[in-house]
Amino acid sequence: MTTLSNRPNTALLVVDVQNGVVDEAHERDSVVANIGALVGRARREGVPVVWVQHSDEELVRGSEEWRIVGELDREDSEPLVEKSYGDSFEDTDLEQVLAERGVGRLVVAGAETDACIRSTLHGALVRGYDATLVGDAHTTGDKSEWGAPAPEQVIAHTNLYWRYQVAPGRKGGTVKTEDVDFRG
């Protein structure tokens, strides 16, 4: 359904699954395990896996906090997009990486739900991509002391509202890890 012509392919987009981002995140271990399962499936099915890695004053490039978690292993052939803003498309080469692979549909997993995941999903949709959120493969930390809802509520709400996202010629959607279909 994507509005991007000649872009029939799907990619798995793994956003900011870095030590300093997910170490204290809600259900960290199960979310990382689900992402690992998705990466393995994508590789077996020949679906591109694109990694996104954030850096800023708190996630200093090269630091332990900045590194992708030890349970996940990016292959050298898989693109790594470095970013400094919430939206993975903003001021990065993500669009070029996806265009080179004929990608018009994204399956999105990672962190943080209420920041980079939401920004990237919306960024994808407005740029013409279909964007499916894997509902049990994204997470966030507890920001309730600053007035935010509890992490499980943030995740549930994001899963609910993204399930029904549509735009002319494009669609969102939310699925569980076990229900991801990289072909359609």
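Anything mentioned here points back to the structure above.
## Describing a negative patch on the surface
For step 1, the next point in the chain: Together, Glu27, Asp142, Glu145 and Glu152 make up a region of like negative charge exposed at the surface.
For step 2, the next point in the chain: Position of glutamate 145 relative to the elements: it lies in the loop between β5 (130–139) and α5 (151–163).
For step 3, the next point in the chain: When its relative accessible area of 67% is taken as the criterion, glutamate 145 is described as exposed.

## Describing the side chain of threonine 139
For step 1, the next point in the chain: Inspection of the secondary structure puts threonine 139 in strand β5.
For step 2, the next point in the chain: Under the relative-accessibility criterion, threonine 139 is labelled buried at 2%.
For step 3, the next point in the chain: Leave out the neighbours within four places in its chain, and threonine 139 touches Val22, Ala25, His26, Val31, Gly110, Ala111, Glu112, Thr113 and Ile155.

## Quick word on the layout of surface pockets
For step 1, the next point in the chain: A volume near 370 Å³ is recorded for the largest pocket.
For step 2, the next point in the chain: If you trace the largest pocket, you find 17 residues lining it, with Gly20, Val21, Glu58, Leu59 and Glu112 closest to the centre.
For step 3, the next point in the chain: Secondary structure elements with two or more residues in the lining of the largest pocket: α1 (19–22) and α4 (113–126).
For step 4, the next point in the chain: By residue number, the principal contributor to the lining of the largest pocket is α4, which donates 3 residues.
For step 5, the next point in the chain: Partitioned by chemical class, the residues of the lining of the largest pocket number 6 nonpolar, 3 polar and 8 charged.

## With respect to the sheet that holds strand β8 (residues 174–175)
For step 1, the next point in the chain: One open sheet holds the 6 strands; their spatial order is β3-β2-β1-β4-β5-β8, and the pairing between them is parallel. At either end of the open sheet lies a strand with only one pairing partner, and these are β3 (80–83) and β8.
For step 2, the next point in the chain: Strand direction decides the pairing type here: β5 and β8, joined by 2 bridges, are parallel. Bridge pairing in β8 links valine 134 to valine 175.
For step 3, the next point in the chain: Across the sheet, helix α2 (residues 28–44) is in contact with β1 (9–15), β2 (49–54), β4 (103–111) and β5; its angle to β5 comes to roughly 140°.
For step 4, the next point in the chain: Sheet strands touched by α5: β5 and β8. Its angle to β5, the strand with the most contacts, is close to 160°.

## Quick word on the pattern of salt bridges
For step 1, the next point in the chain: Going through the model one piece at a time under the given rule, you end up with 14 salt bridges.
For step 2, the next point in the chain: Ionic pairing is found between aspartate 16 and lysine 83, a salt bridge with its closest N-O pair at 2.9 Å. Pair noted here: aspartate 16 is in the loop between β1 and α1 and lysine 83 is in strand β3, with a separation of 67 residues, a long-range link.
For step 3, the next point in the chain: Using a relative accessible area of 2% as the deciding quantity, one classes aspartate 16 as buried.
For step 4, the next point in the chain: Accessibility expressed as a relative area gives 1% for lysine 83, which makes it buried.
For step 5, the next point in the chain: Look at the salt bridges and you will find they share partners, linking Arg28, Asp29 and Glu71 into a network.

Conventions used here
- Residues numbered from 1 in each chain as written.
- Predicted model: local features only at pLDDT ≥ 70, side-chain atom pairs only at ≥ 80, totals over all residues.
- Heavy atoms only, no water.
- Patch = residues over 30% accessible without salt bridge, like charges linked within 9 Å, V, L, I, M, F, W, Y side chains within 5 Å.
- Areas by Shrake-Rupley, 256 points an atom, 1.4 Å probe, with all protein chains shown as cover.
- Salt bridge = Lys/Arg side-chain N within 4 Å of Asp/Glu carboxyl O.
- Lys, Arg positive; Asp, Glu negative; His and termini not counted.
- Charge placed at Lys NZ, Arg CZ, Asp CG, Glu CD.
- Helix = DSSP H or I, 4+ residues; strand = E, 2+ residues; numbered from the N terminus.
- Buried < 20%, exposed > 50% of the residue type's maximum accessible area, 1.4 Å probe, protein only.
- Contact = heavy atoms within 4.5 Å.
- 1 Å grid on protein atoms, 1.4 Å probe; cavity = no way out; pocket = protein on both sides within 12 Å on 5 of 7 lines; lining within 4 Å.
- Points joined across faces, edges and corners; volume = space filled by probe spheres on them.
- Nonpolar A, V, L, I, M, F, W, Y, C, P; charged D, E, K, R; others polar.
- Pairing = 2+ DSSP bridges.
- Axes fitted to C-alpha atoms, helices over the stretch in contact; angles between N-to-C directions.

Limitation: the analysis is restricted to geometry and does not speak to function.
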